[in-house]
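What the coordinates show
Below are the chains, spelled out letter by letter.
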Amino acid sequence: MGLSMTDKVSVEDHYGRADLLGRLLARLAEHGIAETTAARADFSVIDQMHLRGHLGTEDVIAALALAPGMRVLDLGAGLGGPARVLADVHGVHVTALDLTSEFCAVSRAINARLGLDDRVTVVEGDATATGLPAGSFDRVVTIHACMNIPDKAAVYREAFRALKPGGLFCFYDAALGPAGEPYYPVPWAGRPAISHLIRPEAMAAAAEEAGFQTLELRDLTEETKAWSAERRAEATRREAAGEPPPLQSGDILMGDTGPEKMRNMGRNLAEGRVSVALGLFKKPE
Ligand SMILES: C[S@@+](CC[C@H](N)C(=O)[O-])C[C@H]1O[C@@H](n2cnc3c(N)ncnc32)[C@H](O)[C@@H]1O
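Attention here is on the structure that accompanies the text. (Residues numbered from 1 in each chain as written. Predicted model: local features only at pLDDT ≥ 70, side-chain atom pairs only at ≥ 80, totals over all residues.)

Observations concerning the overall build of the protein chain
Within the protein chain, the secondary structure is distributed over 11 helices and 7 strands. Since a compact globule built from 285 residues should have a radius of gyration of about 19 Å, the 18 Å found for the protein chain is in line with a globular shape. Principal-axis analysis of the C-alpha atoms gives the protein chain an extent of 60 × 45 × 35 Å. (Helix = DSSP H or I, 4+ residues; strand = E, 2+ residues; numbered from the N terminus. Rg over C-alpha atoms; globule rule 2.2 N^0.38 Å.)

Here is the structure:
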């Protein structure tokens, strides 16, 4: 059935930003990375929109047992950072689907600049009703998108439908922690109404209901706390040394409330209000 127009507008309203590409390129330029020579790795500092950045992407990729030429579907692909790593480093073809028009436009523009547009196809659409052909992908991933999606079971059913028999599905997501509701705002939601967290075990149960066999459910909360602490320590060290802040795009992507969102994220992790989980599932042969 897919999302209502209200849900789509709420998600786009949360994520959409005016002149996003121009501002991201300007941020790279401030750090000495020229627009004309920026490589994929330069963009990867600002286009991995999930906890633990490229470390999280590497965990997902390591779980996927990829082979060159595979077809991979990324549900909620954002600016396309993980999709570009998959295509560029692992030689797969990626369909990068996202609900937010502006993210799709920026993702296409970055792909074209990097010459990856023949290996990453960007599709504007809803992860709960993609309209993509059944049985056409070897792997399906979703990274930090389901926090905004109330009907996670519908995403998992779409992943199951889109996969070939024997194909793998991996989610890497923020989930509800054992201590209950998070403090808001958080990076994925300015207010509770567009945040839909459930416990990791409930996510795995919904994937099994969609027909998947669970291969792994990994808790990455401690790794995320360590990553978060390292980022804070590095920012403090630079400030004390009079150095410029590290290259990041949090303020551009999260707006004026970015620092508050990140502070709340730290509190939520520390108090057990948010967990971080990776789930790996197989569609039976
Ligand atoms: C935090 S970003 C993560 C983007 C990307 N996966 C990454 O890790 O860099 C969440 C993304 O989910 C997308 N999203 C939310 N609900 C969606 C839906 N129902 N269908 C497709 N995309 C959705 C948002 O537009 C946003 O780009």
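Notes on the packing of helix α4 (residues 53-63) against helix α5 (residues 81-90)
With their axes 11 Å apart at the nearest point, α4 and α5 run at an angle of 55 degrees to one another. Classified by the angle between their axes, α4 and α5 sit oblique to one another. In the crossing of α4 with α5, the sense of the turn from one axis to the other is right-handed. Residues Thr-57, Val-60 and Ile-61 of α4 form the contact with α5, whose participating residues are Pro-82, Val-85, Leu-86 and His-90. Residues that form the contact of α4 with α5 fall into these classes: 5 nonpolar, 2 polar and no charged. (Axes fitted to C-alpha atoms, helices over the stretch in contact; angles between N-to-C directions. Parallel < 35°, antiparallel > 145°, perpendicular 65-115°, else oblique. Left-handed = near helix turned anticlockwise from the far one by under 90°. Contact = placed C-beta atoms within 7 Å. Nonpolar A, V, L, I, M, F, W, Y, C, P; charged D, E, K, R; others polar.)

Remarks on the pairing of strand β2 (residues 93-98)
The buried count for β2 comes to 5 of 6 residues, which makes it a mostly enclosed element. Note that strand β1 (residues 71-75) and β2 share 5 bridges and pair parallel. The residue of β2 that forms the bridge with Asp-74 is Ala-96. For the crossover that starts at β1, traverses α5 and ends in the parallel β2, the hand is right-handed. With 5 bridges connecting them, β2 and strand β3 (residues 120-124) associate as parallel partners. What sits directly across from Val-94, in β3, is Val-120. (Buried ≥ 20, exposed ≤ 12 C-beta atoms within 10 Å, placed from the backbone. Pairing = 2+ DSSP bridges. Right-handed = clockwise from strand over helix to strand, strands pointing away.)

Examining the packing of helix α7 (residues 152-162) against helix α8 (residues 200-209)
Taken N-terminus to C-terminus, the directions of α7 and α8 make an angle of 45 degrees; their axes are 8 Å apart at the nearest point. Taken together, α7 and α8 sit at an angle that is classed as oblique. Handedness of the crossing formed by α7 with α8: right-handed. In this structure, α7 uses Lys-152, Ala-153 and Tyr-156 to contact α8, whose residues at the interface are Met-203, Ala-206, Ala-207 and Glu-209. Looking at side-chain class alone, the contact of α7 with α8 contains 5 nonpolar, no polar and 2 charged residues.

Concerning the site of the ligand
Contacts to the ligand come from 25 residues, most closely from Met-49, Gly-76, Gly-78, Thr-100 and Ala-145. Elements that contribute at least two residues to the shell around the ligand include exactly α1 (5-15), α5 and β2. Tallied by class, residues from the shell around the ligand come to 14 nonpolar, 9 polar and 2 charged. (Near = placed C-beta within 6 Å.)

So, α7
Listed in full, the buried residues belonging to α7 are Lys-152, Val-155, Tyr-156, Glu-158, Ala-159, Phe-160 and Ala-162. Contact partners of the buried residues in α7: β1, β4 (137-143), β5 (163-176) and α8.

Digging into the sheet that holds β2
Sheet strands pair by backbone hydrogen bonding; their relative direction is either parallel or antiparallel. Pairing within the open sheet is mixed, and its 7 strands lie in the order β3-β2-β1-β4-β5-β7-β6. Strands with a single pairing partner mark the edges of an open sheet, and in this sheet they are β3 and β6 (213-219). The average undirected angle you get between the axes of adjacent strands in this sheet is 15 degrees. Bridging between β6 and strand β7 (residues 274-282) involves 6 bridges; their strand directions are antiparallel. In the sheet register, Arg-218 faces β7, and the bridge partner there is Leu-278.

Side note on the nonpolar core
By size, the foremost hydrophobic cluster in this structure holds 74 residues, and its most contacted members are Val-140, Ala-159 and Cys-170. It is β5 that provides the largest number of residues to this core, a total of 9 residues. In this structure, Ala-159 is in contact with Leu-75, Val-140 and Phe-169, ignoring residues within four places of it in sequence. (Core = buried A, V, L, I, M, F, W, Y, C linked by C-beta atoms within 7 Å.)

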